[in-house]
Structure formats: C-alpha cells, structure tokens
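In case you want the letters, here they are:
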Amino acid sequence: MLREPDFQKFTARLLPGTEHILGVRLPALRKIAKQLAKGDWQAYLQTACNDSYEELMLQGMVLGYAKGDLQQKELFLRSFLPKIDNWSVCDSTCSTLKLAKSQPEAFWDFLSEYLHSPKEYEVRFALVQMLSYYVNEDYLSQVLEAIDGVDLKLYYVQMAQAWAVSICYREFPDRTLPFLKENHLDSFTHNKALQKITESLKVPKEQKALIRTLKRRPD
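Just so it is clear, the structure is predicted and the values come from calculations on it, not from any experiment. (Residues numbered from 1 in each chain as written. Predicted model: local features only at pLDDT ≥ 70, side-chain atom pairs only at ≥ 80, totals over all residues. Heavy atoms only, no water.)

A. Region of interest: the overall build of the protein. What the protein contains, in helices and strands, is 14 helices and zero strands. Secondary structure elements in the protein, listed N-terminal to C-terminal, are α-α-α-α-α-α-α-α-α-α-α-α-α-α. By principal-axis analysis of the C-alpha atoms, the protein measures approximately 50 × 40 × 30 Å. The buried share among the 219 residues of the protein stands at 50%. The long-range fraction of contacts in the protein, counting pairs at least 24 apart against all pairs at least 6 apart in sequence, stands at 69%. Accessible surface for the protein amounts to roughly 11,600 Å². Of this, 52% is attributable to carbon and sulfur atoms. Here the protein contributes 29 positive and 28 negative side-chain charges, whose respective centroids are spaced 8 Å apart. (Helix = DSSP H or I, 4+ residues; strand = E, 2+ residues; numbered from the N terminus. Buried < 20%, exposed > 50% of the residue type's maximum accessible area, 1.4 Å probe, protein only. Contact = heavy atoms within 4.5 Å. Areas by Shrake-Rupley, 256 points an atom, 1.4 Å probe, with all protein chains shown as cover. Lys, Arg positive; Asp, Glu negative; His and termini not counted. Charge placed at Lys NZ, Arg CZ, Asp CG, Glu CD.)

This is the structure:
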C-alpha cells in the first residue's frame, strides 16, 4: 500500500480543513499520473473519483502530463477547476500543466476568465499560472494589471497576489517598482508582497531597504 499514516498526519497539518487525506507521497502520485496520462486519459477523467485529496491531485497531474493542446483539454479543465479545495492541489496542478509554454495567448485568455471567479482556488489557479509562466518581457504589464484587478479578499488569493508581485519584482525590479508605489491591493496583500520581496535571496540588500519604506498601515 502507498498510504503512510505518519505522512497523512504531516499533510493534514499543512492543509487545515482538507478532508479525506490518504497519505500518499507526491512522487508516487506523479508516477501513477504519468501512467494514466499515457493511456485513455479522457476516459479516466470522466470516471475519476473525487473522494480524496489524492484523487484530486491525480486528476490535476493527469491534465498536465497528458498530450494535447488547450482545445483538447479545455472541457476537462473547466470541469476540474471547481473541484480544487486547497493550495496544494492548485499549485501542483500549475507546476504540471504547462499549456502557457505552447499556447501563451490562448491560455492567457482562458486564465483571464478565472481572475474574477467567486471561487478562491479558481482565482489562485489563474494567478499561480501567471506567476509561473508569464513573468516575462511580453506579459509583465498584463500580469501586474491582472494582479491589481483581483478583488476577492480570501487568504489564498491574497497570498498568490503577493507571491506574484514578488516574482515580478525579482525578475523586473525597475518595471515593477512603480506598481509597488501605486496599486489597488489591500494593505495586507501589499505588505505581504513586500515581505516576500525582502525574504528573497535574489533581491540585493540595497533594494530591500527601499522596499521596506513602502510598507502601509493596516486597512
């Protein structure tokens, strides 16, 4: 059996509120997902169970590993995204699903639809995809605009916004600094972004000193 009671307890502590965790490690799940992706992955997704954290993780990974473009995966993605109920499934799916690399424009349009979803993890999915694959010369301005336009005040959305801002600054400090000086983020998210920037080992000390001066008072 792949279940490990001690790992189940460890995972449960990382994911408060997430139920039905079996305790299977991610490398084992990725191995299974790759096998499923090589077969009739569409049939698997149509019949997959949703009764455990690991089953949802498998579905997201299969969507990433399976061969196919956005057009082939779109309906399955739209069916899967509302099932995400924790940051781990969200972020692991994002690290596996790389449609942004092969179809950046089409997938950007797809993601943009979810920025104003009322569902916490649909918005986080869009933001984590953007910070993972779109922080580049061509899309930086659009990423910052997307971050600024999100208005769902839920913790894992706000943390994704802050994370995304920090990645933008790390990669493009001169272009991101004006955003840090003037944006529409709430104070919690803004200050979390500053914190993540100052914690980065890739940001020079002199830049961190400037970043700290931009901290806001709580709303």
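B. Seen up close, the state of the cysteines. Enumeration over the complete set of coordinates arrives at zero disulfides. Cys94 supplies the cysteine sulfur nearest to Cys90, a cysteine that is in no disulfide, at a spacing of 4.5 Å. Overall, Cys90 belongs to the buried group, its relative accessible area being 0%. (Disulfide = S-S within 2.5 Å.)

C. Local environment of the pattern of salt bridges. For the structure on display, the rule yields eight salt bridges. Its salt-bridge partner being Lys153, residue Asp151 comes within 3.5 Å of it at the nearest N-O pair. Of the residues examined, Lys153 reaches a relative accessible area of 43% and is grouped as partly exposed. Salt bridges linked by common partners bring Glu74, Arg78 and Glu113 together as one network. (Salt bridge = Lys/Arg side-chain N within 4 Å of Asp/Glu carboxyl O.)

D. Quick look at the side chain of Ser92. Residue placement: Ser92 occurs in helix 6 (residues 87–96). By relative accessible area, Ser92 is classed as buried at 8%. Among all residues touching Ser92, those that are not within four sequence positions of it are Leu26, Arg30 and Met57.

E. Focus on the nonpolar core. Within the largest apolar cluster, 73 residues are counted, with the highest numbers of intra-cluster contacts made by Leu77, Phe107, Phe125, Tyr134, Ile147 and Leu180. In terms of residues, this core owes the most to one element, helix 9 (residues 120–133), which gives nine residues. For Ile147, the residues in contact, after removing those within four places along its chain, are Leu127, Gln161, Ala164, Val165, Cys168, Phe179 and Leu185. (Core = buried A, V, L, I, M, F, W, Y, C linked by side-chain atoms within 4.5 Å.)

F. Structural context of the packing of helix 6 against helix 9. The geometry of helix 6 relative to helix 9 is characterised by a closest axis approach of 9 Å and an angle of 35° between their N-to-C directions. Considering only the axes of helix 6 and helix 9, their crossing is right-handed. Only Tyr121, Arg124, Phe125, Val128, Gln129 and Tyr133 of helix 9 make contact with helix 6, whose side of the interface consists of Trp87, Cys90, Asp91, Thr93, Cys94 and Ser95. (Axes fitted to C-alpha atoms, helices over the stretch in contact; angles between N-to-C directions. Left-handed = near helix turned anticlockwise from the far one by under 90°.)

G. The environment of Ala66, seen in detail. Summarising the element assignment, Ala66 is placed in the loop between helix 4 (53–65) and helix 5 (70–80). The class for Ala66 is buried, based on a relative accessible area of 5%. Considered as a pair, Ala66 and Trp41 are 25 residues apart in the sequence and their alpha carbons are 6.8 Å apart. Setting aside chain neighbours within four positions, we find Ala66 in contact with Ala37, Trp41 and Lys73.

H. Structural context of helix 12 (residues 173–181). The complete set of buried residues in helix 12 reads Thr176, Leu177, Phe179 and Leu180. End-on view of helix 12: buried residues confined to an arc of 165°, all on one side of the axis. In this structure, helix 12 carries Asp174 and Lys181 as exposed residues pointing more than 90 degrees from its buried face. Contacts from the buried residues of helix 12 go to helix 10 (140–149), helix 11 (155–171), helix 13 (187–199) and helix 14 (205–212). (Arc of directions from axis to C-beta.)

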